Amino acid sequence: MKFQTARPVAGITVYQPGKPIEEVERELGISGSIKLASNENPLGPSPKALAAVQRALGDLNRYPDGGGYYLKRALAKHYELTPEHFVLGNGTNEVLELLAHAFLDPGDPVVFSEGAFIVYLIVSQLTSCEMRTAPMRDFTHDLEAMAARVDERTKAVFIANPNNPTGTAVGEKALRRLLERVPERTLVVVDEAYCHFAHREDYPDAVRLIPEFPNVVALRTFSKVYGLAGLRVGYGVAHPEVAAAMERVREPFNVNSLALAAAEAALEDREHVEESIRVNDVGREFLVRELAALGLPFVPTQGNFMMVEVGDAKGVYEALLREGVIVRPVAGYGFPRHLRVSIGTPEENRRVVESFANILKK
Ligand SMILES: *Cc1c(COP(=O)(O)O)cnc(C)c1O
């Protein structure tokens, strides 16, 4: 190519999203497909968020509230913190990028797991960091192994809790042990995109650890339980000094006005959140039972998705597509024998189980 890219670019692979329904149906000439590929809320957004979007439509000629004043104020109230603890992003993905811009220099060591959410790898590559990866244990972040890779120079440790794509979560004791072991200057980024779905008793709330450990950055999103993935809005919760550094590298209007309005309304709609959690609990229990009955091993999940061991993942993925069921291959995460299946509505869950059964029969 005659254009020379910046140094890190050549090593970066484009992020592979779940296939959109329209694309699959066009390619295979089928209709009535379901998508269980991107861990989206199967119930849709909160009706209150939709109403807020409607109200905001008339002001689309205006720039958004650049500092996110109202959403930050709502978040501050929700968490009983000050607005200075929050950084808003065009999805949590952008918050991760802001963090990299604000804190990472080329060559800085960062630590994450081999089977962790891929965006940690992408932002580390983008900033030419020295990536120190730790193997997982039972599909779970091995925080001891991760802590062992941290030294005085290490700028950040990334922990998805629950992790995507494995669905596993670490407990409070293990997380505290890691926090006590790493230097005070090393940021420990705890990505809690799926925190609402975690059901283990000792699941730690990273936001609550910030007063005690000011190096903790908790990440949350409106894309999952709140059902607003299409609008792109997420946030970081951090010590105000950490948040202020990220604010400095943020573009002026990074979160759009519809997303700001929807997020504020969604945060208040606790009923929708509770119903979404309930539907996920029911779906998870159904899938656990039915997959076991089919003899398909799976990784027990704390999220709204499940990694199922199918063997020939590519073949089963394609067979599922022909059945009109879109799931997510995870070979790129180092799991070539598994597929990741999002937990859907009861009807969608029945459909995916039926499709697995049909494929196993062949
Ligand atoms: C889905 C997901 C997010 C959320 O990303 P957004 O950019 O907010 O949509 C963050 N972390 C993990 C681990 C995820 O799976």
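All values reported here derive from a predicted model rather than from experimental measurement.

1. Considerations on the overall build of the protein
Of the regular secondary structure elements, the protein holds 13 helices and 13 strands. A compact globule built from 362 residues should have a C-alpha radius of gyration of about 21 Å, and the protein, at 20 Å, falls within 12% of that. With the C-alpha coordinates of the protein rotated into their principal frame, the extents come out at 60 × 55 × 50 Å. The 362 residues of the protein split such that 55% are buried. For the protein, contacts bridging at least 24 residues in sequence account for 74% of all contacts bridging at least 6. Surface exposure of the protein reaches about 16900 Å², of which carbon and sulfur atoms provide 52%. Across the protein, the mean location of the 41 positive side-chain charges is 3 Å away from that of the 48 negative side-chain charges.

2. Remarks on the site of the ligand
Lining the immediate environment of the ligand, one finds Gly91, Thr92, Asn93, Phe117, Asn164, Asp191, Ala193, Tyr194, Thr221, Ser223, Lys224 and Arg232. Asn164 places a side-chain nitrogen or oxygen 2.8 Å from an oxygen atom of the ligand. Here an oxygen atom of the ligand sits 2.6 Å away from a polar atom, N or O, in the side chain of Tyr194. The class makeup of the residues in the shell around the ligand is three nonpolar, six polar and three charged.

3. Observations concerning the packing of aromatic side chains
In this structure the tally under the stated criterion is 12 aromatic pairs. For the pair Tyr69 and Tyr70, a centre-to-centre distance of 5.0 Å together with 90 degrees between the ring planes defines the contact as edge-to-face. For Tyr69, a relative accessible area of 48% corresponds to the partly exposed category. Relative accessible area serves as the criterion here: at 44%, Tyr70 is assigned to the partly exposed category. Relative to Tyr226, the ring of Phe222 lies with its centre 4.8 Å away and its plane at 45 degrees, an arrangement referred to as tilted. Note on Phe222: relative accessible area 0%, which makes it buried. The buried category is assigned to Tyr226, whose relative accessible area is 5%. The rings of Tyr79, Phe86, Phe222, Tyr226 and Tyr235 are connected pair by pair, giving a single aromatic cluster. Directly above the aromatic system of Phe305 lies the positively charged group of Arg340, at a separation of 5.8 Å from the ring centroid.

4. Things to note about the side chain of Arg220
Tracing the chain through its elements places Arg220 in strand β7 (residues 216–221). A polar side-chain atom of Arg220 sits 3.0 Å from a polar atom in the side chain of Tyr79. Once residues lying within four places of it in the same chain are set aside, the contact partners of Arg220 are Tyr79, Thr92, Glu192, Cys195, Asp205, Val207, Gly234 and Tyr235.

5. Brief notes about the domain arrangement of the protein
Segmenting the protein into domains produces domain 1 (9–44 + 271–361) and domain 2 (59–268). Computed over C-alpha atoms only, the centres of domain 1 and domain 2 are separated by 25 Å. Opposite the 27 residues of domain 1 that make contact, domain 2 presents 28 residues. On the domain 1 side of the interface with domain 2, the three residues burying the most area are Ile12, Gln302 and Tyr333, jointly 30% of the side's total.

6. A look at the sheet that holds strand β4 (residues 130–134)
Pairing in this open sheet of seven strands is mixed, and the strands run β2-β8-β7-β6-β5-β3-β4 from one edge to the other. With partners counted over all chains shown, the strands left at the sheet margins are β2 (86–89) and β4, one partner each. Pairwise comparison of adjacent strand axes, ignoring direction, gives a mean angle of 20 degrees for this sheet.

7. Focus: the pairing of β2
Going residue by residue along β2, you find Phe86 and Leu88 tucked away on one face and Val87 and Gly89 tucked away on the opposite face as well. Bridge analysis of β2 against strand β8 (residues 234–237) gives four bridges, and the strand direction is antiparallel. Bridge pairing in β8 places Val87 opposite Gly236.

8. As for the pairing of β7
Summarising burial for β7: six of the six residues are buried, a large majority. Neither face of β7 is open: one carries Val216, Ala218 and Arg220, the other Val217, Leu219 and Thr221, and all of them are buried. Relative to β7, strand β6 (residues 187–191) is paired through four bridges, and the arrangement is parallel. For Val190, the partnering residue across the bridge sits in β7 and is Ala218. Note: β7 against β8, four bridges, orientation antiparallel.

Cut-offs used in this document
Residues numbered from 1 in each chain as written. Predicted model: local features only at pLDDT ≥ 70, side-chain atom pairs only at ≥ 80, totals over all residues. Heavy atoms only, no water. Helix = DSSP H or I, 4+ residues; strand = E, 2+ residues; numbered from the N terminus. Rg over C-alpha atoms; globule rule 2.2 N^0.38 Å. Buried < 20%, exposed > 50% of the residue type's maximum accessible area, 1.4 Å probe, protein only. Contact = heavy atoms within 4.5 Å. Areas by Shrake-Rupley, 256 points an atom, 1.4 Å probe, with all protein chains shown as cover. Lys, Arg positive; Asp, Glu negative; His and termini not counted. Charge placed at Lys NZ, Arg CZ, Asp CG, Glu CD. Near = heavy atom within 4 Å. Polar contact = N/O pair within 3.5 Å; in protein donor to acceptor, adjacent residues only side chain to side chain. Nonpolar A, V, L, I, M, F, W, Y, C, P; charged D, E, K, R; others polar. Phe/Tyr/Trp six-rings, centres within 6.5 Å; stacked < 30°, edge-to-face > 60°. Lys NZ or Arg CZ within 6 Å of the ring centre and 35° of its normal. Domains from an automatic or database assignment. Buried area = accessible area lost by both parts, 1.4 Å probe. Pairing = 2+ DSSP bridges. Axes fitted to C-alpha atoms, helices over the stretch in contact; angles between N-to-C directions.

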